[in-house]
Amino acid sequence: MPKKILCVPLDPVHDVGIKLIKSALDKRGHQTELLSPDLTMEAIVKKAAAGNYDFILVSRTLGYGVAELLARFNDLLDAAGIREKTKIVIGGKPVTPELAAELGFDKGFGANSSTEEVIAYIEEREINDSSSSVQKIKKNLAEPYSYKFFHSEIESLLNSIADKFIDWGKNKTSPGIERVRLREEILHAGDKNIQQALIKKYNDLSDAEIAQGNVKKIYPKGVREVTAEELDSLESFLRSQKSAGQLKIQHSDKHPLIFKFLGSGCPLMDIAHGKVCERWGIDGFLIINPSWEARYEGLLFGNLTHENDGTITSLENIRLIRRSLDPSTLLTVRAHRGLNTPETVLLAGKAGADLTKINLVYGSLGAGTDPIRLGVDGLEAIRLTATYGIPFDIPGNDELSGVPAWKTLAGLLINVMVGVKLNAKPILKPLFCYGPHIVLNSFMEKNFIDYNAAKILALREIVDCPIWPGEPIAFMTQSEERVQSANATSYHASLAASLGVDAITIASTDEAYSRGPIAITSRIDSIRAVTDAFRFVGDAGFKLTPEAEKYKNDLIQKIIEVLRAVDEKDNLPEAIYSGLLGDQNDGAYPGKFGAGTVSNKVR
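Calculation criteria
- Residues numbered from 1 in each chain as written.
- Predicted model: local features only at pLDDT ≥ 70, side-chain atom pairs only at ≥ 80, totals over all residues.
- Heavy atoms only, no water.
- Domains from an automatic or database assignment.
- Salt bridge = Lys/Arg side-chain N within 4 Å of Asp/Glu carboxyl O.
- Helix = DSSP H or I, 4+ residues; strand = E, 2+ residues; numbered from the N terminus.
- Buried < 20%, exposed > 50% of the residue type's maximum accessible area, 1.4 Å probe, protein only.
- Contact = heavy atoms within 4.5 Å.
- Pairing = 2+ DSSP bridges.
- Axes fitted to C-alpha atoms, helices over the stretch in contact; angles between N-to-C directions.
- 1 Å grid on protein atoms, 1.4 Å probe; cavity = no way out; pocket = protein on both sides within 12 Å on 5 of 7 lines; lining within 4 Å.
- Points joined across faces, edges and corners; volume = space filled by probe spheres on them.
- Nonpolar A, V, L, I, M, F, W, Y, C, P; charged D, E, K, R; others polar.
- Disulfide = S-S within 2.5 Å.
- Left-handed = near helix turned anticlockwise from the far one by under 90°.
- Phe/Tyr/Trp six-rings, centres within 6.5 Å; stacked < 30°, edge-to-face > 60°.
- Lys NZ or Arg CZ within 6 Å of the ring centre and 35° of its normal.

Comments concerning the domain arrangement of the chain
Per the domain assignment, the segments of the chain are domain 1 (4-132) and domain 2 (173-586). Each of domain 1 and domain 2 was reduced to a C-alpha centroid, and the two centroids are 49 Å apart.

Digging into the pattern of salt bridges
One pass over the structure, following the stated rule, counts 39 salt bridges. Residue E124 is joined to K3 by a salt bridge in which the shortest nitrogen-to-oxygen separation is 3.4 Å. Taken together, the residues span a long stretch of sequence, with E124 in the loop between α5 (115-122) and α6 (129-132) and K3 in the segment before β1 (4-9) at a distance of 121 residues. In this structure K3 comes out as buried when scored by relative accessible area, which is 16%. Between R323 and E235 there is a salt bridge, and its shortest N-O distance comes to 3.0 Å. Residue R323 is located in helix α13 (residues 315-324), and its partner E235 is located in helix α11 (residues 228-240); the two are separated by 88 residues in the primary sequence.

Some remarks on the environment of S494
Looking at the element boundaries, S494 is found in helix α20 (residues 482-498). With relative accessibility at 4%, the residue S494 sits in the buried group. Linking S494 and H336, residues 158 residues apart in sequence, is a C-alpha distance of 28 Å. Setting aside chain neighbours within four positions, we find S494 in contact with A533, F534, V537 and F542.

Side note on the sheet that holds strand β15 (residues 503-505)
Pairing within the open sheet is parallel, and its seven strands lie in the order β14-β13-β12-β11-β9-β8-β15. Each having just a single partner strand, β14 (426-429) and β15 make up the two edges of the open sheet. Within this sheet the neighbouring strands show an average axis-to-axis angle of 25°, counted without direction. In the sheet, strand β11 (residues 330-334) pairs with strand β12 (residues 355-357) via three bridges, with the strands oriented parallel. Looking at the pairing, V333 lines up with T356 of β12.

A look at empty space enclosed by the protein
Applying the stated criterion to the full structure yields one cavity of 30 Å³ or more. Here the largest cavity is characterised by a volume of approximately 50 Å³. Every residue along the wall of the largest cavity is listed here: N289, E293, A294, R334, A335, R337, G338, L339, N340, T341 and T344. Residue classes in the lining of the largest cavity are distributed as three nonpolar, five polar and three charged.

Description of unusual backbone geometry
With omega at 10°, the peptide bond leading from G470 into E471 counts as cis. In this structure, E471 sits in the loop between α19 (450-462) and α20. Residue E471 is joined to P472 through a cis peptide bond whose omega torsion reads 10°. Relative to the helices and strands, P472 resides in the loop between α19 and α20. One non-glycine residue, K217, lies in positive phi territory at about 60°. Within the secondary structure layout, K217 lies in the loop between α10 (208-216) and β7 (223-225). On the basis of relative accessible area, K217 is assigned to the partly exposed category, the value being 49%. A positive phi angle, near 65°, is found at N423, a position not held by glycine. Structurally, the position occupied by N423 is in the loop between α17 (405-421) and β14.

Some details on the state of the cysteines
As used here, a disulfide is simply a covalent bond connecting the sulfur atoms of two cysteines. In this structure the tally under the stated criterion is zero disulfides. There is no disulfide at C277, and the cysteine sulfur nearest it, in C266, is 15 Å away.

Re the sheet that holds strand β4 (residues 87-91)
Spatial strand order, β2-β1-β3-β4-β5: five strands in an open sheet with parallel pairing. In this open sheet, the two edge strands, each paired with only one partner strand, are β2 (31-34) and β5 (107-109). Each strand axis lies, on average, 20° off the axis of its neighbour in the sheet, ignoring direction. Of the strand pairs in this sheet, strand β3 (residues 55-59) and β4 are connected by five bridges, and their pairing is parallel. Of the residues in β4, the one forming a bridge with L57 is V89. Contacting β1, β2 and β3, helix α1 (residues 16-27) runs over the sheet at an angle of about 160° to β2.

Regarding the packing of α17 against α19
Their axes nearest at 12 Å, the elements α17 and α19 cross at an angle of 35°. The way α17 lies across α19 gives a crossing that is right-handed. Every residue of α19 that contacts α17 at A405, W406, L409 and L413 is listed here: Y451, K455, L459 and I462. Each residue belonging to the contact of α17 with α19 can be placed in one class, and the counts come to seven nonpolar, no polar and one charged.

Some details on the packing of aromatic side chains
Following the criterion strictly, the structure yields 10 aromatic pairs and no others. On the basis of an interplanar angle of 50° and a centroid distance of 5.9 Å, the ring pair of W292 and Y296 is categorised as tilted. Just as W292 is buried, Y296 falls in that class too. When the ring of F443 is compared with that of Y551, the centres are 5.7 Å apart and the planes differ by 75°; the resulting orientation is edge-to-face. With a gap of 108 residues between them, F443 in the loop between α18 (436-440) and α19 and Y551 in helix α22 (residues 546-567) connect regions that are remote in the sequence. Here the two residues F443 and Y551 agree in accessibility, since each one is buried. The ring centre of Y53 lies 5.0 Å from the NZ or CZ of K4, which sits over that ring. The positively charged end of R295 is found above the aromatic ring belonging to Y296, 5.6 Å away from the centroid.

Here it is, written out as structure tokens:
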């Protein structure tokens, strides 16, 4: 039944909010009247007394003395007998339900209240949660893409490089691959005795530091089990969370998804931070593991917490985080470096993660793993991503060591072609920041736009494949000053959005200098900065200078030269050892972890 409503801007200037509410009520068929904002309280009360209204909606910006003013207004309404038959509602940015009740109003709506909430109150119905908050749907980043190559020579070179590499690794195995087989058997073993025998074999293939943790619960320094009480507290925390309506970062559906890092060391802390970030609109998270996991054979079992940065990659930890996050939130697990790459992908798949991270080149140069070992393990890991249907992103962080962008991009493209041939779904992840090689060569002396844009334009001209700049965007342009850090992130996010990328990874404002634990307020800093930047830019963009086109063409030509040189080698690991994708002059060195551990498969 339509309601009769008087809209009162009890403010000498501001009446925009009440006008928006009136417009929405009119569309719903209610009978509304709007007073001018310059009437005296006495004139308003006289109008209200004569009109027999169901509701009086009062809009007011609070300030000094306003509480007394509103209390007096309520007294006048009471004296005129209006309160007996009319509900009085107040709204405004500083208003809270508690303040409204304290001032004598029937209901109060504040800055975070939606128009739908106001209408639902007036129509005396329950608020429909789906209409008052963002309903997110999990997005498959790889789904829209054909993985078609547009540059014939680059496609031909990549075909040759990938075919030789896959053939090279065909009959090779490693302790990491053998542990994958054992893990599969352990997870499917119905008999406890058989399972224990398999776990013993697993630990025999692991380093002592890992085996001791799994057998005797003597863990690496700073690691302990999460207690039952802590897990119970987490469950209570998750049950106590009331849906407050999720915000949306993207102003347009064309704006990229936003990812953040998790990896405090404590899965419970990760979850707490993740739930807050979800509320502010974050679309996905990357679980970052401890650096020591890369150099040990084997992974620890159980729900474990770690005093230092990096959350331990256990099946139980990944499952706990995945289960605690919203079903629409994307979760990726880092697997691209170290001696446990294929096993990490297996655990990610088993735990229900949505994505993983593999770069056969960077993992062999900037992360310490022997190129032969990571080559063999990486092929198995990519096959596993296809088995579990989880796309893998290919981080280009080696550029931060001084490796030129064209070598990095050539490496990313090799990973893409290998992934395509193994029926996987790769995602290009170029750096979008201010790196050492860029500094030394003055590529960003005039602006930070052209060279970053050129990388995206070059990749788009080569292959139809998802692009997700990271890791994170704006790295090395940020400082420890929180406003500057948030601004730098938002500028890069806006540029990425204008270039049509699929996703970006952003850091918290205190991640730029890492002087201690990441604060939740710093996480919100960068999220809000990006949200405001997306709204400000909207569907507009940035004007590139002619330099961007020159940079793009130069990158493509140099990528071709790198791929020609790589194709002359017998296999990808040999090309990495030769420095073709990053050498000592670039600050990149082939890794040594796992050297000599690859063997031929027993037939």
